[in-house]
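So you can see what is in the structure, the chains are spelled out below.
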2 protein chains.
Amino acid sequence: MTALHPLVEVAPDRRHAVAVDRSGWPAVWPDGVATPRTVDEVREVVAWAAATGTAVVARGAGSGLAAAAVGVPGAIVLDLSALQRFEIDADEQLARVEPGVITAVLDDAAASHGLMYAPDPGSVGISTVGGNIATNAGGLRGAKYGVTRDHVLAFDVVLADGTLVHVGRDTIKGVTGYDLVGLFTGSEGTLGIVVGATLRLLPRPVRVATAAAYFADIETAARAVTAITRSGARPAVLELLDGPTLGAVDALEGTALRARGEALLIAQTDGFGAFEELSVVADAVAPLATLVETETDAAASARLLLARRQALPALEALGRPLIEDIAVPRGRMADAVREIGRIADEEGVRIFVFGHAGDGNLHPIIVTERGEGVPAAAQRAADRIFALALELGGTITAEHGVGRLKREWAARELGPDVHALQQRLRAVFDPQGILNPGSSL
Amino acid sequence: MTALHPLVEVAPDRRHAVAVDRSGWPAVWPDGVATPRTVDEVREVVAWAAATGTAVVARGAGSGLAAAAVGVPGAIVLDLSALQRFEIDADEQLARVEPGVITAVLDDAAASHGLMYAPDPGSVGISTVGGNIATNAGGLRGAKYGVTRDHVLAFDVVLADGTLVHVGRDTIKGVTGYDLVGLFTGSEGTLGIVVGATLRLLPRPVRVATAAAYFADIETAARAVTAITRSGARPAVLELLDGPTLGAVDALEGTALRARGEALLIAQTDGFGAFEELSVVADAVAPLATLVETETDAAASARLLLARRQALPALEALGRPLIEDIAVPRGRMADAVREIGRIADEEGVRIFVFGHAGDGNLHPIIVTERGEGVPAAAQRAADRIFALALELGGTITAEHGVGRLKREWAARELGPDVHALQQRLRAVFDPQGILNPGSSL
Ligand SMILES: Cc1cc2nc3c(=O)[nH]c(=O)nc-3n(C[C@H](O)[C@H](O)[C@H](O)COP(=O)(O)OP(=O)(O)OC[C@H]3O[C@@H](n4cnc5c(N)ncnc54)[C@H](O)[C@@H]3O)c2cc1C
Ligand SMILES: Cc1cc2nc3c(=O)[nH]c(=O)nc-3n(C[C@H](O)[C@H](O)[C@H](O)COP(=O)(O)OP(=O)(O)OC[C@H]3O[C@@H](n4cnc5c(N)ncnc54)[C@H](O)[C@@H]3O)c2cc1C
């Protein structure tokens, strides 16, 4: 490696701090870490990397679950977390942000103007907006409000040669040129470094209402999702948890959720018609449910969502969770969950399932013993889950991304023609291959 | 030109029929027209074109306003209007369509399942879904439901060499690979031929409510848009018409709209909370308006929208309309309208303004005498309107596209770096440059 750029630190504690994300992928230290304070510093570091052929791994908060923002030997990690300025234009319902802004900080600031930044991944309190953009993060409100892509208007991007470009525009609509904003969203740091973004804000709903419906089994809960879809309601949140996950939450929180059923659906409606819409939801699920609780008060609503918010911590208390992230057509969710149960039995591993049911997005969580390395049975189970997702007409990753973890499966999902096309696209932006090599496609 | 493919017709009436779109661009006849009945026929024609280096211009209904789907000497037009099969999966809330399906036919079929295909351009009764995709068409419901891009999940695309690929997926979410669906949407037939699409359908709103608010001048109407934005309401439709346009509608329809004010805002709310949300809208605009009418009945709501639906026909009755399509930040709409008035005066042309105010999307319509050629003053006025849009931080085309009409201005809006990047992207998909050459970027 050539002499490092003055902004690149090599102290072991700095390199150690960026060696992993939250996926469980083994730690790999990069050669150095740059933590720019300004866009110009980002340009300087990337231009230096281009000139020296040094690989650059962009990193936000490192909360990713695909081993995309982690160290690579010979590479530097470009830590964008110090770029935290933002401003809100309440009349235009826009925010202009630097990439290191924490998602919840932005949403809280929007709230003080009666607005909301809709994408709310479970990691909203720790992840950065830049990381959300680069993964096209989803979240709980996705059933109604969509994913990060649906809320981004324009970016400032430092390209692989250090050039700064502005793509997209500050107007809600615009069709001049190809959709580069969509292309950068979800590109996992492989096409450029997002150093600024114009985001849409929406009116914060005047009220929310929440229902928790319990079912005898998860197949019935999946049928209830179809019943809600048919009812004409469009909940903002529609989350599904299976019995084992409820049991884990009970163990952590001292609740008795699993006594109420072997599956839980949590639906939240919002806006002017929230209360009426919730009663439509409740009526749709009532014939199938063992119990339906509804709340129209904000604090009580939040309490009903607690089981969902605590699902991952509860599983972390049981061992090491490997978090999968498939999506299937909504009508195939029951098939998916049944097959995942069979896979768990056959491989002798523990798999818990929860997810964003409104999008057909399931997170099967394989919980193994803590310690080094993923057991072979868990790896086999994960591979079978990916194969199942594709067989059911779904995807191997709904929102967490490909990263280093799912490259082979991504190639399988895309097929050789589209995979090759995608690689030619990547080469347009990064002919030297210095942006996050070994990750994504 | 080499011997034509057997599917290419050269009869003058066929070539004549595809020589223009609705932009007023002068007629140019292509060398031939192919009207495939199957996807295989599309592949055959494109493969032949690739082998012979023949240019291919895709065409849906020819309702475009950018001279994008029109003839080019030496080229063939690929008329996709015969590919009209579609099916609706009501449980998954999806439609699988061929590109030639007329937008309103799809929406009507969705309605019979209690669903809706949200994008509804003014041309909904004549345009094709394929054309809507290729232009990323907007529409009246865009203020709440967004544009075509927000409702497309997957495409079958015939690439420039005749290969058929499938991009995207049938699940609501998915992040495997770069967003090719977004890239093809709005690409104006320059990256591939869309021969199939999976589209999202949404629950049809249980009720709609409509307000028509009149104002003393258009600046006040623009301020009312900001007031609505601030109110927390999110109308599905928010349309603006200026006084001269109201006068033209009056002349066509025998109404007396202009007597009520020099500007009209039409807002429609929908969903469970439609009535309450409409009263929030009405309260927000009341202090600014000269008159506010509200309707909560569907037929009466449709009547209030009539002025908007008839705006273009009314102007067509006055002469030849040149339809512009800028967007500006919503807070700059009043400035835009004022400046457009000044441009009209200085150039001595008639300019009418209406548009999708919720998106800051204005359609200044320059009405000239019928006859060949665009008068120099009208052309100067159009150029000044484009320059104005960019000056106000907006775009030269919000939804109609670049086509042959706005290529120079598109290059100006994008700037040299991004323009060059876009052209490198285009070359990845079409290295020979046979797809709609001379159009778009
Ligand atoms: C408890 C928990 C719950 C979660 N819940 C969800 C959920 O509900 N939905 C969901 O989608 N995800 C979820 N995640 C995953 C993760 O939080 C998201 O992927 C998040 O978007 C990552 O943001 P980050 O700032 O941590 O990015 P990082 O992990 O640092 O990076 C992620 C990717 O983005 C790239 N990147 C980061 N910043 C930039 C930039 N400025 N420019 C270019 N590339 C960049 C990196 O190279 C990497 O490829 C969850 C994670 C945890 C730990
Ligand atoms: C009265 C009127 C009102 C209108 N209102 C609106 C409005 O509110 N919003 C709006 O956005 N537009 C509006 N338009 C413009 C126009 O209707 C839209 O641009 C529409 O999407 C064009 O559809 P089409 O089928 O007519 O496409 P065409 O005009 O035939 O083609 C348009 C473009 O799409 C490409 N194309 C067509 N089919 C395919 C395919 N299958 N694969 C690849 N490329 C393809 C063509 O090459 C061309 O570049 C209006 C037009 C009129 C006349």
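The residue count restarts for each chain, going from 1 along the sequence in the order it is written. As they are written, the chains are lettered A onward and the ligands numbered 1 onward, keeping that order. Since the coordinates come from a predicted model, pLDDT governs what is reported: local features require at least 70, and pairs of side-chain atoms require 80 or more to be given and counted, while whole-chain, interface and lining totals use all residues. The basis for the side-chain values is all heavy atoms of the structure; hydrogens and waters are excluded.

Quick look at the overall build of chain A
Think of it this way: any DSSP run of H or I at least four residues long counts as a helix, any run of E at least two long counts as a strand, and we number them from the N terminus. The helix and strand tally for chain A stands at 14 helices and 19 strands. The C-alpha radius of gyration computed for chain A amounts to 22 Å, which stays within 12% of the reference 22 Å derived for 441 residues, consistent with globular compactness. With respect to the three principal axes, the spread of C-alpha positions in chain A is 65 × 55 × 45 Å. A simple rule labels every residue: compare its accessible area, found with a 1.4 Å probe on the protein chains alone, to the largest value its type can have, and call it buried under 20%, exposed over 50%, or partly exposed in between. Put simply, chain A has 441 residues, and 62% of those count as buried. With C-alpha atoms as the basis for the radius of gyration, the globule rule is written as 2.2 Å multiplied by the number of residues raised to the power 0.38.

Focus: the sheet that holds strand β6 (residues 94-97) of chain A
Residues and elements named next belong to chain A. Here, any two strands with at least 2 DSSP bridges between them count as paired. Reading across from one edge, β5-β6-β10-β8-β9 is the order of the five strands in this open sheet, with antiparallel pairing throughout. The open sheet terminates on both sides in strands that have one partner only, identified here as β5 (86-89) and β9 (164-168). Averaged over all pairs of adjacent strands, the angle between strand axes in this sheet comes to 15°, irrespective of strand direction. The sheet contact formed by strand β8 (residues 152-158) and strand β10 (residues 193-200) spans six bridges and is antiparallel. Bridge assignment links Phe155 to a residue of β10, and that residue is Ala197. Here an angle of 0 to 180 degrees is reported between the N-to-C directions of two axes, which are lines fitted to C-alpha atoms, with helices fitted over the stretch in contact.

What to know about the side chain of Glu188(A)
Relative to the elements of secondary structure, Glu188(A) occurs in the loop between α6 (180-184) and β10. Put simply, Glu188(A) is tucked away with no salt bridge, and the nearest opposite charge, on Arg404(A), sits 7.5 Å away. Positive charge is attributed to Lys and Arg, negative charge to Asp and Glu, and no charge count is given to His or to the chain ends. The term salt bridge refers to a side-chain nitrogen of Lys or Arg lying within 4 Å of a carboxyl oxygen of Asp or Glu.

Quick notes on the UniProt feature "domain: FAD-binding PCMH-type" (unreviewed entry) in chain A
As recorded in UniProt, the feature "domain: FAD-binding PCMH-type" (unreviewed entry) lies at residues 22-204 of chain A. End-to-end, the C-alpha atoms of residues 22-204 of chain A are 31 Å apart, and along that stretch the chain is 21% helix and 23% strand. UniProt positions are given in the numbering used here, feature names are shortened, and annotations may be inferred rather than shown by experiment.

Some remarks on the relation of the copies chain B and chain A
Superposition of the copies was done by least squares, using only C-alpha atoms of residues whose pLDDT is at least 70 in both. When chain B is fitted onto chain A, the two copies agree to an RMSD of 0.0 Å after a turn of 180° and an axial shift of 0.0 Å. What we have between these two chains is a two-fold relation. Minimal C-alpha distance to the rotation axis in chain B is attained by Gly273(B), lying at 1.8 Å. Contacts: residue pairs with any heavy atoms within 4.5 Å of one another. A shared interface surface links the copies, since 100% of the contact residues of chain B are contact residues in chain A too.

Some thoughts on the site of ligand 2
All names here are of chain B. Residues in close proximity to ligand 2 total 35 residues, the closest being Ala58, Gly60, Ser63, Ser123 and Thr128. The definition of a polar contact used here is a pair of N or O atoms within 3.5 Å, where within protein one atom must be able to donate a hydrogen and the other to accept one, and adjacent residues in sequence count solely through side-chain atom pairs. Ser123 places a side-chain nitrogen or oxygen 2.6 Å from an oxygen atom of ligand 2. In isolation ligand 2 exposes 980 Å². Once the protein is present, 95% of that is buried. Where the shell around ligand 2 is concerned, the elements lending two or more residues are β3 (56-59), α4 (129-135) and β10 (193-200). The element contributing the most residues to the shell around ligand 2 is α4, with five residues. Just so you know the grouping, Ala, Val, Leu, Ile, Met, Phe, Trp, Tyr, Cys and Pro go in nonpolar, Asp, Glu, Lys and Arg go in charged, and all remaining residues, Gly too, go in polar. Taken together, the residues that form the shell around ligand 2 break down as 13 nonpolar, 18 polar and four charged. Counting residues domain by domain, the shell around ligand 2 receives three or more from each of domain 1 (8-79) and domain 2 (86-203). Only heavy atoms are used to decide nearness, and a residue is near a molecule or strand if one of them lies within 4 Å of it. Here the accessible surface of atoms and residues is derived via Shrake-Rupley with a 1.4 Å probe, and residues count as covered only by protein chains that are part of the display. The split into domains, and so the bounds of each, comes from an automatic or database assignment of domains.

Remarks on the packing of aromatic side chains
Between rings of Phe, Tyr and Trp, where Trp is taken as its six-membered ring, a pair exists when centres lie within 6.5 Å; planes separated by under 30 degrees are stacked, by over 60 edge-to-face, and by other angles tilted. Here the structure, examined in full by the defined rule, presents four aromatic pairs over all chains. Between Phe386(A) and Trp409(A) the ring centres are 5.6 Å apart and the planes differ by 55°, which places this aromatic pair in the tilted class. With a gap of 23 residues between them, Phe386(A) in helix α13 (residues 376-391) and Trp409(A) in helix α14 (residues 407-429) connect regions that are remote in the sequence. Here Phe386(A) and Trp409(A) have matching classes, each one buried. Centroid distance Phe184(B) to Phe429(B): 5.4 Å. Interplanar angle 75°. Geometry classified as edge-to-face. On the criterion of sequence distance, the pair formed by Phe184(B) in helix α6 (residues 180-184) and Phe429(B) in helix α14 (residues 407-429) is long-range, its members being 245 residues apart. Residue class for Phe184(B) comes out buried when judged on its relative accessible area of 1%. Overall, the relative accessible area of 4% leaves Phe429(B) in the buried class.

With respect to the site of ligand 1
Residues and elements named next belong to chain A. In the vicinity of ligand 1, 35 residues are found, and the nearest of them are Ala58, Gly60, Ser63, Ser123 and Thr128. At 2.6 Å, a backbone N or O of Ala58 approaches an oxygen atom of ligand 1. Gly62 is positioned such that a nitrogen or oxygen atom in its backbone is 2.8 Å from an oxygen atom of ligand 1. Protein chains shield 95% of the accessible area of ligand 1, which is 980 Å² for the free molecule. Considering every element that reaches the shell around ligand 1, the biggest residue donor is helix α4 (residues 129-135), with five residues.

Focus: the pattern of salt bridges
Counted according to the given criterion, the structure contains 52 salt bridges over all chains. The partner of Asp91(A) in a salt bridge is Arg230(B), with the nearest N and O atoms 2.7 Å apart. Linking Asp91(A) in the loop between β5 and β6 with Arg230(B) in helix α7 (residues 218-231), this pair reaches from one chain into another. Asp91(A) sits in the partly exposed class, given a relative accessible area of 31%. Its relative accessible area of 58% is what places Arg230(B) among the exposed residues. The salt bridge partner of Lys173(A) is Asp359(B), with a shortest N-O separation of 3.4 Å. Pair noted here: Lys173(A) is in the loop between β9 and α6 and Asp359(B) is in the loop between β18 (350-356) and β19 (361-368), and the two residues belong to different chains. This pair shows no difference in class: Lys173(A) is buried, exactly as Asp359(B) is.

Observations regarding the pairing of β10(B)
Two faces make up the sheet, and in a regular strand the side chains alternate between them. All names here are of chain B. Within β10, eight of the eight residues are buried, which leaves it mostly tucked inside the rest of the structure. Here strand β6 (residues 94-97) runs beside β10; their pairing, made up of four bridges, is antiparallel. Among the inter-strand pairings, Val97 is bridged to a residue of β10, identified as Ala197.

Some points on the domain arrangement of chain A
Residues and elements named next belong to chain A. You can read the domains of chain A as domain 1 (8-79), domain 2 (86-203) and domain 3 (208-391). In this complex, domain 2 contributes eight residues to the contact, which on the side of domain 3 involves 13 residues. Computed with a 1.4 Å rolling probe, the buried area is the accessible surface lost when two parts are put together, summed over both parts. Summing both sides of the interface, domain 2 and domain 3 together bury roughly 910 Å²; the carbon and sulfur share of this comes to 49%. Considering only the surface of domain 2 that becomes buried against domain 3, Leu140, Ala143 and Lys144 emerge as the three largest contributors, covering 71% of it. Between the two partners, domain 2 and domain 3, sit one salt bridge.

Notes on the interface of chain B and chain A
In this assembly, 78 residues from chain B lie in contact with 78 residues from chain A. Buried area between chain B and chain A, summed over both chains or domains, comes out near 6400 Å², and the portion from carbon and sulfur atoms is 60%. Broken down residue by residue, the surface that chain B buries against chain A is led by Lys173(B), Tyr178(B) and Phe272(B), which jointly contribute 15%. Along the contact surface separating chain B from chain A lie 10 salt bridges. Our enumeration of links across chain B and chain A arrives at 30 residue pairs in polar contact (both at pLDDT 80 or more). Where the side of chain B that touches chain A is concerned, the elements lending two or more residues are β9 (164-168), α6, β11 (202-203), α7, α9 (274-285) and α14 of chain B. In terms of residue count, the dominant contributor to the side of chain B that touches chain A is α14(B) (12 residues). Its residues placed into classes, the side of chain B that touches chain A shows 29 nonpolar, 28 polar and 21 charged.

Concerning the sheet that holds strand β4 (residues 76-79) of chain B
Residues and elements named next belong to chain B. Strand order in the open sheet formed by four strands is β1-β2-β4-β3, and the pairing between neighbours is mixed. Both outer strands of the open sheet, β1 (8-9) and β3, are each paired with one neighbouring strand and no more. Here β1 runs beside strand β2 (residues 32-34); their pairing, made up of two bridges, is antiparallel. By the bridge assignment for β2, Glu9 is matched with Val33. Packing of helix α2 (residues 39-52) onto the sheet brings it into contact with β1, β2, β3 and β4, and relative to β4 it is tilted by some 165°.

Some remarks on the nonpolar core
Within the largest apolar cluster, 74 residues are counted, with the highest numbers of intra-cluster contacts made by Phe155(A), Leu199(A), Phe429(A), Phe155(B), Leu199(B) and Phe429(B). Phe429(A) has contacts with Leu159(A), Ala160(A), Leu180(A), Leu183(A), Phe184(A), Leu191(A), Leu421(B) and Leu425(B), leaving out every residue within four places of it along the chain. Here, nonpolar core refers to any group of buried Ala, Val, Leu, Ile, Met, Phe, Trp, Tyr and Cys residues whose side-chain atoms link them within 4.5 Å.

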